[in-house]
Amino acid sequence: MTSIPLTSPQGAPSDTSSAADGRIGENALRPDGTLKVTGEFAYASDLWMDEMVWGTTVRSPHPHARIVSIDIGPALATPGVYAVLTAEDVPGANAVGLEHEDQPVLAETVVRYKGEPVAIVAADHPEIARQAAKKVVVEYDVLEAVTDARAALDPASVQLRPSGNVVRHLKVRKGEELPTAAVVVSLDFEVGMQDQAFLGPESGLAVPAEDGGVDLYVATQWLHVDQRQVCSALGLPPEKVRLSLSGVGGAFGGREDLSMHVHACLLAMHTNKPVKMVYNREESFYGHVHRHPATMSYEFGAEPDGMLVYGRAEILFDGGAYASSTGAVVGNGGTLGLGPYRFPNVHIDCYGVYTNNPPCGAMRGFGCVQAAFAHEALMDALAERVGVSPAAIRKLNGVREGDVNITGQVIDSAAPCEELVQILLDMPLPAERSGADLLSLPGGVANSTHGEGVVRGVGYALTYKNVGFSEGFDDYSTARVRLQVIGGEAVASVHTAAAEVGQGLITVEQQICRTELGVGRVVVHPKNTQVGSGGSTSASRQTYVTGGAVKAACEAVRARVLAAAAQVCGHTADDLALDGGKVVARSGEVVLDLAELLGDAELFADEGVEETVEWRHRPTEAVDPETGQGNAHVQYAFSAHRAVVDVDVDLGLVKVVALDTAQDVGKAINPDAVLGQIQGGSTQGMGLALMEEIVVKDGHIMNPSFTDYLIPTILDTPPMLIKILEYADPHAPYGVRGVGEPPTISSGPAVAAAIRQATGKALRRVPIRPEHITGT
Amino acid sequence: MIPSAFDYHAPTSLDEALTLLAQGGDDAKILAGGQSLIPVMRLRLAGPELLIDLGRIDGLRGIEDDGDAVRIGAMTPHHDIASSALLGEHAALLCAAARTVADPQVRHRGTFGGALVHADPAGDMPAPALVLGAEFVIAGAGGIRTVSATDFFEGLFTTAVGEDEILTHVRIPKHTGWGARYEKFTRVAQQWSIVAVAATVRAEGSAIAEARVGLTNMGSVPIRAESVEAALAGCALEEAAIARACASAAEGTDPPTDTNGDADYRRHLATVLATRAVLSAAGG
């Protein structure tokens, strides 16, 4: 039995109980929705214990430097300061990381990016901690920084690691080595560094425990992978490092890596006091990984009618200073980088490299977002060359169920590319601009345009994304489901460690329990490491994988309950089901009251029926290192977008007038939540096309604030027509297909295409800045 | 972030405020709405030890007819300026610019005088005040003095208002019947101006009789595009002629290069926006 702290901090989540209706396929109200709107939702930054102290981080001002010395004396002498710790104070391995343990908890001899943590401070007030942090004297010997990914590939450049600068090079080879084609189109494309731009900064509270361990409350995406790294750094076994999810204010991949986790635990164990850490906005920009910037060179060959013959691509991702998930991003860029099209012949080289830029890792769309801008621009170029419409070229070449994709994997469930595009064609276009409503014009409320120089354009994009973890990763989730009587009522409770980051997993868990166990009230236990791993809340996988685990655990519970019912009532278990709090026969006859059955002391213990299930989707496999061939992915999710833009070509301003989409979701468990994911994802993709970029110059972030890092507001966001297809994937629970990422991939390329159509300019870089349009 | 600790006073008279300001010296700051100051304090870019809130002093808020001018109290919020019928008649440019300031919340809390003394190069009120020939009434220990618009804006976030002085009123000479337009360029809604052009025009028949054109964020202080104004005098009310006259809008300016746009792009914007602003102000 593991110990838990006697008192939880204020702001730590408690049970979520709901008796509302809502089985799978019905709209279920989110328990966090109202609280977030009214400002009552407790985020990780709201965690509080009266006796807590505050931690802060001393960060490197240089992108690359040798640490000559660190003097903590003046900081430690500051009244109110409890501890100042450096790499020397890390008791376990000073190396953490998602895929490679290559990142120190605190820098030892070298700093590899600006903002890298060098020391940590705990004090009785956040301001005292900050002031003391400024007194930590670090002497640096500045080294030459590698801040250009292309240069990093050059063996002659500074090598940042003993193994060189390449994190991963993935080759995909299929068909002929040097195919020829009647029509050849090619282009280079560049994608800037997007930020997840979550509103809730990195934050958490570490509480030292009497057993010599620590309890960490933190906003994260994957409790168990955090736990593994914290244990390793602290030199403690898992039973002494207990993590609980606290309120997450957005994630989008940026919370998959550690931020303040180990730092707060180190300070808590050193001071024997609870330690809270909350990053400020600027620090947050340095405190999490970003979307990889990419440079890409593409060439497609086709028959005269536009039928693709071959695809060649070189994709280069700048991974920044540490590996994070660069390897898997390269995996996606390589195996999915040509888009959802039929290619007989393929030649791809996809690289991820170390530089001294800010580390890059997971972000919604994960390697597919960058590639989609290139392959979709090239499909438009091909359509123009062969004289067909952008929609027609995609319908002609889109993959179909049963096709073998570029890594030799059979696509063995729905691949409705043609239908998705046709749906967009059939949707009504927005009305011509009337000119009356300034809000409808580029510049919106700022009134920069009254219609002068405004040109309309329409663009299409068709993309796909793998769902779940790929390339042989043991991807599973654990669910503990209990059915018991509480207050005379049969109540299901469900406990998983799968992180709710705002995507709506809690309702999905409740809906599955209601559907499988026929009860109304479902209690969702707080997410923590007291149950097995739920895997990461990423890769659009939780409804699939944790949903699958909850379903399986419910089935195991139900089997026991129905077996017991069969003993009592004379029906066979196969003839029985659970519905409406009753045991019912297939005939519809109500056989038993479920609460009464569960209350039968001879059949069940007081705590009812509990089952814990570890559930896996069907396995994937590593791809061949020389050819990239293999069954790399478990599922593909398809989406298409049509963007309509008005562009003021004199000012370079863009107003997205409509952003319509069609997406196959397999089965919409909570249709309202599906719409929310598609609206949000579409907007985030549009943001990358138009404005979202962390501008990095010589390793320094030039715009670490939400004043200068632009994000679309509601006033910049267009109406969206959304058509959801539900072609069940026979391999997935309920036929679900991941929802969260696909719209982020297809929306941006559609916006870019629409701007190209409106302006006639090539626009081979995103975000498309106004001066790219005006040419000034 | 939480600002560093500070004392707060809300005097009820101007004399009391001036006394507090004199006592506070370098460590004191005037709070005149706080829509710029408080964010700057939260970012720890400023850490005043004393805030003197002018919000409870009678007579600093309001818009009055003052003969050949309109007199605006320094503590008048942007919203009141944007919606003032009196200003709409006699200084429509101010209303147009005030309507583009940030969002409704900020327009109700932020003040005209606060924005002018803050003198943010990307702020929207300085350029209109400059081109309308505002007179700035400043109170200090030695009494009241008046500063002209051309002398008021001295540099980046710096005005003629001394550290021991308070701006109390601004007199805006009447431009009755002049058309006005404030063209503000931002990339997302409710942002600061990347570039903006303030234009007010008196038309006679089919020509422009007089025009005043000001530029926001094309340098460290608001700028009058004098060559444009000269070219517009007598200019026919037609697009091509106005565009020709506005072609020199960026002449002599030294706009910043930052992540929102480089200097060349800002010069381009100034030219396009000037043409649009003048056309619109002239009723085109």
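Here the structure is a predicted model, which means the values were calculated and not measured.

Caption draft 1: Just the overall build of chain A, in detail. Across its full length, chain A carries 17 helices and 32 strands. Against the globule reference of 28 Å for 776 residues, chain A gives a C-alpha radius of gyration of 27 Å, in line with a compact fold. Taken along its principal axes, the extent of the C-alpha atoms in chain A is 80 × 75 × 60 Å. The burial tally for chain A puts 62% of its 776 residues in the buried class. The contacts of chain A with a sequence gap of at least 6 include a subset with a gap of at least 24, amounting to 80%. As displayed, chain A offers around 26,800 Å² of accessible surface, 51% of which is attributable to carbon and sulfur atoms. When the 58 positive and 95 negative side-chain charges of chain A are each reduced to one mean point, those points stand 2 Å apart.

Caption draft 2: Quick peek at the overall build of chain B. Each helix and strand counted, chain B has 12 helices and 14 strands in total. The dimensions of chain B, computed from C-alpha atoms along their principal axes, are 55 × 45 × 30 Å. Every one of the 284 residues in chain B was classed for burial, and the buried ones make up 54%. Looking at chain B alone, contacts between residues at least 24 apart form 60% of all its contacts between residues at least 6 apart. In the structure as shown, chain B presents an accessible area of about 11,500 Å², 48% of it carried by carbon and sulfur atoms. Taken together, the 22 basic and 35 acidic charged side chains of chain B have centroids lying 6 Å from each other.

Caption draft 3: The confidence of the model for chain B, seen in detail. In the predicted model, chain B carries a mean pLDDT of 95, and 99% of its residues have values of at least 70. Overall fold confidence (pTM) sits at 0.94, and the ipTM for the predicted complex is 0.86.

Caption draft 4: View of the domain arrangement of chain A. Residue and element names in this part refer to chain A. You can read the domains of chain A as domain 1 (53-143 + 201-248 + 255-287), domain 2 (290-470 + 622-774) and domain 3 (476-616). With 20 residues of domain 1 at the interface, the matching set in domain 2 holds 27 residues. Both sides of the domain 1 and domain 2 interface together cover about 1,900 Å² of buried area, and 59% of this is carbon and sulfur. When residues of domain 1 are sorted by the area they lose upon contact with domain 2, Glu 99, Asp 102 and Phe 285 head the list and together hold 33% of the total. Taken together, the residues of the side of domain 1 that touches domain 2 sort by class into eight nonpolar, three polar and nine charged.

Caption draft 5: Spatial organisation of the packing of aromatic side chains. All names here are of chain A. This structure, assessed with the given rule, holds 18 aromatic pairs over all chains. For the pair Tyr 298 and Phe 300, a centre-to-centre distance of 6.2 Å together with 65° between the ring planes defines the contact as edge-to-face. The exposure class assigned to Tyr 298 is buried, which follows from its relative accessible area of 2%. Residue Phe 300 is classed as buried on the basis of its relative accessible area of 0%.

Caption draft 6: Here's a closer look at the sheet that holds strand β5 (residues 110-111) of chain A. Here three strands make up an open sheet; going across it, the order is β5-β3-β7 (chain A) and the pairing antiparallel. Each edge of the open sheet is held by one strand with a lone partner, namely β5 and β7 (137-142) of chain A.

Caption draft 7: A look at the sheet that holds strand β1 (residues 7-9) of chain B. All names here are of chain B. Ordered in space as β1-β3-β2, the three strands form an open sheet in which the pairing is parallel. The open sheet has two edge strands, β1 and β2 (28-31), and neither has a second partner. The mean inter-strand angle of the sheet, taken between neighbouring strand axes irrespective of direction, is 25°.

Caption draft 8: Spotlight on the interface of chain A and chain B. Opposite the 35 residues of chain A that make contact, chain B presents 23 residues. Summing both partners gives a buried area of about 2,500 Å² for chain A against chain B, and 53% of it is carried by carbon and sulfur. Summed over the shared surface of chain A and chain B, the number is three salt bridges. Of the charged contacts in the structure, one is a salt bridge between Arg276(B) and Asp650(A), with a shortest N-O distance of 3.4 Å.

Caption draft 9: The nonpolar core, seen in detail. Residue and element names in this part refer to chain A. Core analysis: the largest hydrophobic core is formed by 87 residues, its most contacted members being Tyr 298, Val 751 and Ile 755. No other element matches the 12 residues that helix α9 (residues 368-386) contributes to this core. Apart from residues lying up to four places away in sequence, Tyr 298 is in contact with Val 185, Ser 186, Leu 187, Arg 312, Ala 313, Ile 315, Gly 337, Leu 338, Ala 371, Ala 374, His 375 and Leu 378.

Caption draft 10: The arrangement of the pattern of salt bridges in detail. All names here are of chain A. All chains considered together, the criterion is met by 52 salt bridges over all chains. With its nearest N and O atoms 2.7 Å apart, the salt bridge here joins Arg 342 to Asp 403. A residue pair is termed long-range when its members are at least 10 positions apart, and Arg 342 in the loop between α8 (326-336) and β17 (345-353) and Asp 403 in the loop between α10 (390-397) and α11 (417-426) qualify at 61 residues. Between Glu 555 and Lys 551 there is a salt bridge whose closest N-O contact spans 3.0 Å. One end of the pair is Glu 555 and the other is Lys 551, both in helix α13 (residues 542-569) and four residues apart, which spans about a single turn. Owing to a relative accessible area of 30%, Glu 555 belongs among the partly exposed residues under this scheme.

Caption draft 11: Representation of the domain arrangement of chain B. One can read the domain layout of chain B as domain 1 (7-53), domain 2 (63-173) and domain 3 (179-281). Domain 1 of chain B and domain 3 of chain B are separated by 35 Å when their C-alpha centres are compared.

Caption draft 12: Representation of the side chain of Asp124(B) in the model. Residue and element names in this part refer to chain B. Here Asp 124 is to be found in the loop between α7 (112-118) and α8 (126-131). Within the structure, Asp 124 has its side chain in polar contact with the side chain of Tyr 182 (distance 2.6 Å). Among the polar contacts made by the side chain of Asp 124, one reaches the side chain of Ser 193 at a distance of 2.7 Å. Apart from residues no more than four positions distant in its own chain, Asp 124 is found in contact with Ala 97, Thr 100, Val 101, Tyr 182, Lys 184, Ser 193 and Ala 196.

Caption draft 13: Highlighting the environment of Gly320(A). Residue and element names in this part refer to chain A. Turning to its location among the elements, Gly 320 is positioned in the loop between β16 (308-318) and α8. The class of Gly 320 is buried, set by a relative accessible area of 0%. Sequence spacing of Gly 320 and Gly 699 is 379 residues, and the spatial spacing of their C-alpha atoms is 9.1 Å.

Caption draft 14: Representation of the environment of Glu154(B) within the structure. Residue placement: Glu154(B) occurs in strand β8 (residues 153-155). Setting aside chain neighbours within four positions, we find Glu154(B) in contact with Thr159(B), Ala160(B) and Val221(B).

Caption draft 15: Quick look at the packing of helix α11 (residues 239-246) of chain B against helix α12 (residues 263-281) of chain B. All names here are of chain B. As a packed pair, α11 and α12 sit with axes 9 Å apart at the nearest point and diverge in direction by 135°. One element, α11, and the other, α12, form an angle in the oblique class. You can see that α11 and α12 cross each other, and the crossing is right-handed. Facing Glu 239, Ile 242, Ala 243 and Cys 246 of α11, the residues of α12 in contact are Thr 271, Ala 274, Thr 275, Val 278 and Leu 279. Here the contact of α11 with α12 is composed, by residue class, of six nonpolar, two polar and one charged.

Caption draft 16: Expanded view of α13(A). Taking 1.5 Å per residue, 28 residues should reach 40 Å; α13(A) reaches 38 Å between its end C-alpha atoms and fits that length. Positive phi shows up at Gly570(A), right after α13(A), with a value of about 90°.

Caption draft 17: Spatial organisation of the packing of helix α5 (residues 223-234) of chain A against helix α6 (residues 261-271) of chain A. Residues and elements named next belong to chain A. Running from N to C, α5 and α6 point in directions that differ by 45°, and their axes come no closer than 10 Å. Between α5 and α6, the angle is such that the two are oblique. The interaxial crossing formed by α5 with α6 has right-handed handedness. Note on element contacts: α6 touches α5 through His 261, Val 262, Cys 265, Leu 266 and Met 269, opposite Asp 226, Val 230, Ala 233 and Leu 234. In terms of residue class, the contact of α5 with α6 is made up of seven nonpolar, one polar and one charged.

What counts and how
- Residues numbered from 1 in each chain as written.
- Chains lettered and ligands numbered in written order.
- Predicted model: local features only at pLDDT ≥ 70, side-chain atom pairs only at ≥ 80, totals over all residues.
- Heavy atoms only, no water.
- Helix = DSSP H or I, 4+ residues; strand = E, 2+ residues; numbered from the N terminus.
- Rg over C-alpha atoms; globule rule 2.2 N^0.38 Å.
- Buried < 20%, exposed > 50% of the residue type's maximum accessible area, 1.4 Å probe, protein only.
- Contact = heavy atoms within 4.5 Å.
- Areas by Shrake-Rupley, 256 points an atom, 1.4 Å probe, with all protein chains shown as cover.
- Lys, Arg positive; Asp, Glu negative; His and termini not counted.
- Charge placed at Lys NZ, Arg CZ, Asp CG, Glu CD.
- pLDDT = per-residue confidence, 0-100.
- Domains from an automatic or database assignment.
- Buried area = accessible area lost by both parts, 1.4 Å probe.
- Nonpolar A, V, L, I, M, F, W, Y, C, P; charged D, E, K, R; others polar.
- Phe/Tyr/Trp six-rings, centres within 6.5 Å; stacked < 30°, edge-to-face > 60°.
- Pairing = 2+ DSSP bridges.
- Axes fitted to C-alpha atoms, helices over the stretch in contact; angles between N-to-C directions.
- Salt bridge = Lys/Arg side-chain N within 4 Å of Asp/Glu carboxyl O.
- Core = buried A, V, L, I, M, F, W, Y, C linked by side-chain atoms within 4.5 Å.
- Polar contact = N/O pair within 3.5 Å; in protein donor to acceptor, adjacent residues only side chain to side chain.
- Parallel < 35°, antiparallel > 145°, perpendicular 65-115°, else oblique.
- Left-handed = near helix turned anticlockwise from the far one by under 90°.
- Expected span 1.5 Å × (residues − 1).

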